[in-house]
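Topology and contacts: notes
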Amino acid sequence: MRWSEIGLLLLAATAVAGFFVVVTGQRQMPVRADEVPLPSDPIDLLELDLAGVIYGPGFRDVPSAPPDTIVKSMDLVDSISLHQANLLITRNLARRGFDHMVTYRIPDRGLSFICRTPDGEPLRLELNNTRL
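Now for a description of the structure that goes with this document. (Residues numbered from 1 in each chain as written. Predicted model: local features only at pLDDT ≥ 70, side-chain atom pairs only at ≥ 80, totals over all residues. Heavy atoms only, no water.)

Considering the overall build of the protein
Helices and strands together make up the secondary structure of the protein, namely 3 helices and 5 strands. Ordered by position in the sequence, the α and β elements of the protein form the string α-α-β-β-α-β-β-β. The burial tally for the protein puts 27% of its 132 residues in the buried class. Once local pairs closer than 6 in sequence are excluded, the contacts in the protein between residues at least 24 apart make up 44%. Total accessible area on the protein stands at roughly 9,400 Å², and carbon and sulfur atoms take up 59% of it. (Helix = DSSP H or I, 4+ residues; strand = E, 2+ residues; numbered from the N terminus. Buried < 20%, exposed > 50% of the residue type's maximum accessible area, 1.4 Å probe, protein only. Contact = heavy atoms within 4.5 Å. Areas by Shrake-Rupley, 256 points an atom, 1.4 Å probe, with all protein chains shown as cover.)

Here's what the structure looks like:
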């Protein structure tokens, strides 16, 4: 047997092995957008609901907040009025099970929503109006 014949046999064996791997292997199916698992944290779900109001990638943590209160800050998108954002945020807080207590208007800044998470933790959402 010549070297060329041995090479041809090795090539054929490799082709058969490759065909076997392709036929019996697991196929990677593309993930559809509706099959992506949603987060279970209510604050993360609220952030997804408010994506149309928030300018940027999402909520920002406020480091100077009291240790017992969760404080999240967000900037208002230019295409939505402060009044529309107030209604949208208040409705989404109720829909996600947050206990909304009061909304303060902060002059020359925006709105501050005082509420409790569904777990009972104090939460303050600050909506900054960048158009002022």
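Quick look at the nonpolar core
In terms of nonpolar packing, the biggest core is built from 20 residues, with Phe59, Met74, Ile89, Leu93, Leu125 and Leu127 touching the most fellow members. If one sorts the elements of this core by residue count, helix α3 (residues 82-95) sits on top with 4 residues. If near-sequence neighbours (up to four positions away) are discounted, Leu125 is found in contact with Leu46, Phe59, Lys72, Met74, Ile89, Leu93, Leu111, Ser112 and Phe113. (Core = buried A, V, L, I, M, F, W, Y, C linked by side-chain atoms within 4.5 Å.)

Things to note about the pattern of salt bridges
A side chain with one charge may pair with a side chain of the opposite charge, provided their charged atoms come close. Taken as a whole, this structure holds 6 salt bridges when the rule is applied. Of the charged contacts, one joins Glu126 and Arg124 as a salt bridge, the two residues approaching to 2.9 Å between their closest N and O atoms. Overall, Glu126 belongs to the buried group, its relative accessible area being 8%. With a relative accessible area of 22%, Arg124 lands in the partly exposed category. Three or more residues are tied together by salt bridges with common partners; here these are Asp49, Arg95 and Arg96. (Salt bridge = Lys/Arg side-chain N within 4 Å of Asp/Glu carboxyl O.)

So, a nonpolar patch on the surface
On the surface, a cluster of nonpolar side chains totalling about 280 Å² of accessible area is made up of Met101, Val102 and Tyr104. You can see Met101 is positioned in strand β3 (residues 99-106). (Patch = residues over 30% accessible without salt bridge, like charges linked within 9 Å, V, L, I, M, F, W, Y side chains within 5 Å.)

Looking at α3
The end-to-end C-alpha distance of α3, which contains 14 residues, comes to 20 Å, matching closely the 20 Å that a straight helix rising 1.5 Å per residue would cover. What α3 keeps buried is the set Leu82, Ala85, Ile89, Asn92 and Leu93. Buried residues of α3 fall within an arc of 105 degrees about the axis and therefore sit on the same side. Within α3, the exposed residues directed more than 90 degrees away from the buried face are His83, Arg91, Ala94 and Arg95. On its buried face, α3 is in contact with α2 (42-49), β2 (70-76), β3, β4 (110-116) and β5 (122-128). Positive backbone phi, at 90 degrees, marks Gly97, one or two positions downstream of α3. (Expected span 1.5 Å × (residues − 1). Arc of directions from axis to C-beta.)

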